[in-house]
Amino acid sequence: MTKGYLHLSTGDVFEGELLGATGKQAGEVVFTTSMTGYQETLTDPSYAGQVLTFCYPMVGNYGLLETANESTRPAVAGIVTGEMWDPEGSFSTLLMKWEIPGLSGIDTRALVKTIRQHNTVTGIISDTASLSHPWKTENSLSLVHQVSVTSAKTYGEGNPHVVMMDYGYKKSILDSLLKRGCKVTVVPFTTTLNEMKELCPDAVVFSNGPGDPKALEPYFTQIKKISESWPAFGICFGHQLIALAYGGSTEKQLNGHRGSNHPVKEMVSGKVRMTSQNHGYVVKNDYLPSDFHVTYKNVNDGTVEGIRHNTLPVQSVQFHPEAHPGPSDTDYLFDDFIKQTVAAGGKLYA
């Protein structure tokens, strides 16, 4: 095996064994605590531009399955793991195909402890022991452009017709809607209100995606107009965009929430649900849009996990109700969304 190195902006260097490509691509170094679902995590577009560290010590031990992919290609800038089990070379082949560098055989506990001491840590995987800093990283708007579709595509023939604004959507969201009999049209995130009207949707979903939601400020006006015109449901990045579009604010977390065991409290019932999460930004509780109320809160740190408009059929959640990987405790939110859509009778604009 070839020696490889993870260089951090903190000055720390971790030595291991290179996997996949040997190219140098810098990104924010983040970690996920999920014990399973490494393939779903690897192919989640929300990780675009990030060097992803798996806390669970072994990756690859149950192989890869084509149907487990959450997108057509991985978008990560690199992966880091304590141990890689890849006797058939399928994982390395996948990384090589998409020119993604990987590093195994390092102390991921030490790496995570280093990351947790800083607000943002950038890093780069290299075959060189010495490397100068700083490195160039992609801005958030560029990342969304990379993972969003470039033209509309329709799936299914059911009812209602849901249009999904794509900021880097996970296939599991699409599957969850199709399973409920919906017709789903996935459109570029640049889609305008007039273009949306031509599609004649009954409801709109604002998907997950990578990076800082404030980078999409030029699109806030359109997001608000669209969500005022049809029943709307925001997930993760889409949740943050809805809050910002209505005058709320977001902030970066110290380390983010990434994993499949995050407890959130449903404010109405008081019930606690286990959720799958992947984000580095949150809606600020002190700057919540005036027309919204909080529906879910994180049990561990009290951050906002869900909001709902007081009069319009607009709701959003920070976590992933479709999970994959993760528990299906909040899968019922898709049913609630469909019921809300039917009750609203589809379009709301005059």
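Counting of residues starts from 1 at the beginning of each chain's written sequence and follows it residue by residue. This being a predicted model, a pLDDT of at least 70 is required before a residue's local features are given, and a value of 80 or more before pairs of side-chain atoms are given or counted; all residues contribute to the totals for chains, interfaces and linings. Just so you know, side-chain values use all the structure's heavy atoms and leave hydrogens and water out.

The chain carries the name Carbamoyl phosphate synthase small chain in an unreviewed UniProt entry, which gives Alteribacter keqinensis as its organism. UniProt positions are given in the numbering used here, feature names are shortened, and annotations may be inferred rather than shown by experiment. For the record of the chain, the UniProt heading Sequence similarities (unreviewed entry) holds the text "Belongs to the CarA family." The record held by UniProt for the chain lists under Subunit (unreviewed entry) the comment "Composed of two chains; the small (or glutamine) chain promotes the hydrolysis of glutamine to ammonia, which is used by the large (or ammonia) chain to synthesize carbamoyl phosphate. Tetramer of heterodimers (alpha,beta)4."

Okay, the overall build of the chain next. Along the chain, the regular secondary structure elements total 9 helices and 19 strands. The C-alpha radius of gyration computed for the chain amounts to 20 Å, which stays within 12% of the reference 20 Å derived for 350 residues, consistent with globular compactness. Based on the C-alpha atoms only, the size of the chain along its principal axes is roughly 65 × 40 × 35 Å. Burial here depends on accessible area, computed with a 1.4 Å probe over protein chains only, as a share of the maximum for the residue type. Under 20% is buried, over 50% is exposed, and the range in between is partly exposed. When burial is assessed residue by residue, the chain has 56% of its 350 residues classed as buried. Here a residue-residue contact requires only that any non-hydrogen atoms of the pair lie within 4.5 Å. Counted over contacts in the chain with a minimum sequence separation of 6, partners at least 24 positions apart contribute 72%. Surface exposure here means Shrake-Rupley accessible area, sampled with a 1.4 Å probe, where a residue is shielded only by the protein chains that are shown. For the chain, the accessible surface area stands at approximately 14,700 Å², while carbon and sulfur atoms represent 48% of it. Positive and negative side-chain charges in the chain, numbering 28 and 35 respectively, have mean positions lying 5 Å apart. What counts as a helix is a DSSP run of H or I of at least four residues, what counts as a strand is a run of E of at least two, and both are numbered from the N terminus. Every radius of gyration here is taken over C-alpha atoms, with the globule rule written as 2.2 Å times N^0.38, N being the number of residues. Asp and Glu count as negative and Lys and Arg as positive, but His and the ends of the chain are not part of the count. In plain terms, the charge of a residue is placed at NZ if it is Lys, CZ if Arg, CG if Asp and CD if Glu.

Time to look at the nonpolar core. Think of a nonpolar core as a cluster: buried Ala, Val, Leu, Ile, Met, Phe, Trp, Tyr and Cys residues, connected wherever their side-chain atoms sit within 4.5 Å. With 29 residues, the main nonpolar core has Met165, Tyr167, Phe206, Leu216 and Ile226 as its most contacted residues. In terms of residue count, the dominant contributor to this core is helix H8 (residues 237-245) (6 residues). Contacts of phenylalanine 206, omitting those with residues within four sequence positions, involve Met165, Tyr167, Ile223, Ile226, Ser227, Ala232, Phe233, Gly234, Ile235, Gly238 and Ile242. In this structure, Met164, Tyr169, Val184 and Phe334 belong to the second largest nonpolar core, which totals 22 residues.

This part takes up the UniProt feature "domain: Carbamoyl-phosphate synthase small subunit N-terminal" (unreviewed entry) in the chain. Following the UniProt record, the feature "domain: Carbamoyl-phosphate synthase small subunit N-terminal" (unreviewed entry) maps to residues 2-126 here. Helix makes up 17% of residues 2-126 and strand makes up 34%, while its end C-alpha atoms are separated by 11 Å.

Before going further, it helps to examine the sheet that holds strand E18 (residues 304-309). Paired strands are those between which DSSP finds at least two bridges. Across the sheet, which stays open at both edges, the 10 strands sit in the order E10-E12-E11-E13-E14-E19-E18-E17-E15-E16 with mixed pairing between neighbours. Looking along the sheet, the strands with just one partner apiece sit at the ends: strand E10 (153-155) and strand E16 (272-283). Taking each pair of neighbouring strands and ignoring which way they run, the sheet shows an average axis angle of 25 degrees. With 5 bridges joining them, strand E17 (residues 292-298) and E18 adopt antiparallel strand pairing. Axis definition: a line fitted to C-alpha atoms, over the contacting stretch in the case of helices. Angles run 0 to 180 degrees between N-to-C directions.

As a further point, take the packing of helix H5 (residues 171-179) against helix H9 (residues 332-344). As a packed pair, H5 and H9 sit with axes 10 Å apart at the nearest point and diverge in direction by 55 degrees. Classified by the angle between their axes, H5 and H9 sit oblique to one another. Classified by chirality, the crossing of H9 by H5 is right-handed. Of the residues in H9, those in contact with Ile173, Ser176 and Leu177 of H5 are Phe334, Phe337 and Ile338. Across the contact of H5 with H9, the residue classes tally to 5 nonpolar, 1 polar and no charged. Oblique is the label for every angle not falling under 35 degrees (roughly parallel), over 145 degrees (roughly antiparallel), or within 65 to 115 degrees (roughly perpendicular). For any pair of crossing helices, the crossing counts as left-handed if the nearer helix is rotated counterclockwise from the farther one by less than a right angle, and right-handed if it is rotated clockwise. Nonpolar residues are Ala, Val, Leu, Ile, Met, Phe, Trp, Tyr, Cys and Pro. Charged residues are Asp, Glu, Lys and Arg, and all others, Gly as well, are polar.

Pairing of aromatic rings covers Phe, Tyr and Trp, the last through its six-membered ring, and needs centres within 6.5 Å; plane angles under 30 degrees mean stacked, over 60 mean edge-to-face, and all others mean tilted. Applying the stated criterion across every chain yields a total of 9 aromatic pairs. A centroid spacing of 5.8 Å and a plane angle of 55 degrees characterise the contact between tyrosine 167 and phenylalanine 237, whose relative ring orientation is tilted. Of this pair, tyrosine 167 sits in the loop between strand E11 (161-166) and H5 while phenylalanine 237 sits in helix H8, and the two are 70 residues apart along the sequence. Under the relative-accessibility criterion, tyrosine 167 is labelled buried at 0%.

Moving on: the pattern of salt bridges. Salt bridges are defined as contacts in which a side-chain nitrogen from Lys or Arg sits within 4 Å of a carboxyl oxygen from Asp or Glu. For the coordinates displayed, the defined rule picks out 7 salt bridges. Between lysine 3 and glutamate 15 there is a salt bridge, and its shortest N-O distance comes to 3.3 Å. You can see lysine 3 sitting in strand E1 (residues 3-8) and its partner glutamate 15 sitting in strand E2 (residues 13-20), a full 12 residues away along the chain. In this structure, the salt-bridge partner of arginine 180 is aspartate 335, at a minimum N-O distance of 2.7 Å.

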